[in-house]
Amino acid sequence: QGQFVESGGGLVQPGGSLRLSCATSVRISSIDVVGWYRQAPGKQRELVASITFGGMSTYVDSVKGRFTISRDNAQNMVYLQMNSLTPEDTAVYYCNFPISHRIPTPLRSWGQGTSVTVSS
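Reading guide: rules and limits
- Residues numbered from 1 in each chain as written.
- Predicted model: local features only at pLDDT ≥ 70, side-chain atom pairs only at ≥ 80, totals over all residues.
- Heavy atoms only, no water.
- Pairing = 2+ DSSP bridges.
- Helix = DSSP H or I, 4+ residues; strand = E, 2+ residues; numbered from the N terminus.
- Axes fitted to C-alpha atoms, helices over the stretch in contact; angles between N-to-C directions.
- Disulfide = S-S within 2.5 Å.
- Buried < 20%, exposed > 50% of the residue type's maximum accessible area, 1.4 Å probe, protein only.
- Salt bridge = Lys/Arg side-chain N within 4 Å of Asp/Glu carboxyl O.

Asks: How would you summarise the sheet that holds strand β8 (residues 77-82) if you had to cite specific residues and measurements?
Replies: Here four strands make up an open sheet; going across it, the order is β1-β3-β8-β7 and the pairing antiparallel. The sheet is open, and its two edges are formed by β1 (4-7) and β7 (67-72), each paired on a single side. Going from strand to strand, the sheet's axes swing by 15 degrees on average, the running direction of each strand aside.

Asks: Explain the state of the cysteines to me, and be specific about the residues and the numbers.
Replies: Under the counting rule described, the total for this entry stands at one disulfide. With a sulfur-sulfur separation of 1.7 Å, C22 is cross-linked through a disulfide to C95. Residues C22 and C95 are joined by a disulfide whose S-S torsion is about 45 degrees; by sign, that bridge is right-handed. Taken together, the residues span a long stretch of sequence, with C22 in strand β3 (residues 18-24) and C95 in strand β9 (residues 91-96) at a distance of 73 residues. Of the two residues, C22 and C95, neither departs from the other in class, the shared state being buried.

Asks: So what about the pattern of salt bridges? Which residues, and what values?
Replies: In the structure shown here, the tally under the stated rule is four salt bridges. Here D61 and K64 are joined by a salt bridge, their closest N and O atoms 3.0 Å apart. Taking relative accessible area as the criterion, K64 reaches 48% and is therefore assigned partly exposed. The shortest N-O distance in the salt bridge between R66 and D89 comes to 2.7 Å. With R66 in the loop between β6 (57-59) and β7 and D89 in the loop between β8 and β9, the pair connects residues that are 23 residues apart, well separated along the chain. On the basis of relative accessibility, which here comes to 15%, the residue R66 falls in the buried class. Ionic contacts of the salt-bridge type, sharing partners, join the residues R38, E46, R66 and D89 into one network.

In structure tokens, the structure reads:
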């Protein structure tokens with residue numbers, strides 16, 4: 001059984017919003033940094049947002065001001081609120097635990113991800 005189950009993706013028009021959810025079997029109260037990654041077609045997977053146990057969040061420049069990451073340590077859930085979506089946000093989105101917000105190397109194996117397509 002996988003450690004991450006991502007959901008909430010889908011097809012959305014440019015300018016629209018989606019909220020992604022990640023359920024993990026890991027007790028994230030013991031994890032400092034949790035993050036959301038994405039992999040667009042033909043591109044490498046990138047860390048787009050991370051949040052520490054203390055609530056400090058970090059974002060890649062391309063999503064700053066549009067995406068918001070949050071975590072529910074009691075429910076072992078991680079969320080990504082995505083607003084003002086553009087076609088460049090089209091990707092498969094994954095959650096995982098990066099070494100730090102500066103070192104995106106994931107500490108666990110990947111889940112199946114959730115696909116986001118932004119298109120009119």
